[in-house]
Amino acid sequence: HQHYCEGRKAMKSKINNSLVKAIAEMATFLEFSSEEVINPDAAMEAMEQLAAELQSLPEDARIELAKQFEESADKFHEPAKVKFIKSLPETLGLV
């Protein structure tokens, strides 16, 4: 039973890491894409919808997500994107 639980915990961690990365990638795309790629109003609306959904998480989950954004930011190579990912907890209203 313990081995099964450890396996589930590892899988949950991988899923959580993938979800954090996917959210960061989507937010970065919405923030940094040109008008030719995505309409600015549509990008803002999508970011607001993302924020609203994430704000509905329980407080402990929002705090953990904010910490994971901070930890994952350095995986982005461009300084502007690193700074943006580190600002996501505030941008998305998580903290």
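No experiment lies behind these values; they were computed from the predicted model shown.

A few words on the packing of aromatic side chains. Applying the stated criterion across every chain, the model contains one aromatic pair. Across from the ring centre of phenylalanine 32, 5.7 Å away, lies the NZ or CZ of lysine 81, which sits over that ring.

Relative to the helices and strands, threonine 28 resides in helix α1 (residues 2-32). With relative accessibility at 4%, the residue threonine 28 sits in the buried group.

One pass over the full model with this rule turns up four salt bridges. Of the charged contacts, one joins lysine 86 and aspartate 74 as a salt bridge, the two residues approaching to 3.7 Å between their closest N and O atoms. In this pair, lysine 86 is assigned in helix α4 (residues 79-91) and aspartate 74 in the loop between α3 (59-72) and α4, connecting sequence segments twelve residues apart. Here lysine 86 falls in the partly exposed class, since its relative accessible area comes to 34%. Taking the shortest distance from any N to any O, the salt bridge between lysine 81 and glutamate 78 comes out at 3.4 Å. A residue is classified by how much of its surface remains accessible, and glutamate 78, at 45% relative accessible area, is partly exposed.

Turning our eyes to something else, we now look at the nonpolar core. In terms of nonpolar packing, the biggest core is built from 20 residues, with Phe69, Ile85, Leu88 and Leu92 touching the most fellow members. For this core, the secondary structure elements donating two or more residues are α1, α2 (40-55), α3 and α4. In terms of residues, this core owes the most to one element, α1, which gives five residues.

Our next topic: α3. When the terminal C-alpha atoms of α3 are compared, their 20 Å separation across 14 residues agrees well with the 20 Å that a helix rising 1.5 Å per residue should span. Three or more residues of α3 are buried, namely Arg62, Leu65, Ala66, Gln68, Phe69 and Ser72. Each buried residue of α3 sits inside an arc of 165° when the element is viewed along its axis, so together they form one side. In α3, those exposed residues whose orientation departs by more than 90 degrees from the buried face are Glu59, Asp60 and Glu71.

What counts and what doesn't
Residues numbered from 1 in each chain as written. Predicted model: local features only at pLDDT ≥ 70, side-chain atom pairs only at ≥ 80, totals over all residues. Heavy atoms only, no water. Phe/Tyr/Trp six-rings, centres within 6.5 Å; stacked < 30°, edge-to-face > 60°. Lys NZ or Arg CZ within 6 Å of the ring centre and 35° of its normal. Helix = DSSP H or I, 4+ residues; strand = E, 2+ residues; numbered from the N terminus. Buried < 20%, exposed > 50% of the residue type's maximum accessible area, 1.4 Å probe, protein only. Salt bridge = Lys/Arg side-chain N within 4 Å of Asp/Glu carboxyl O. Core = buried A, V, L, I, M, F, W, Y, C linked by side-chain atoms within 4.5 Å. Expected span 1.5 Å × (residues − 1). Arc of directions from axis to C-beta.

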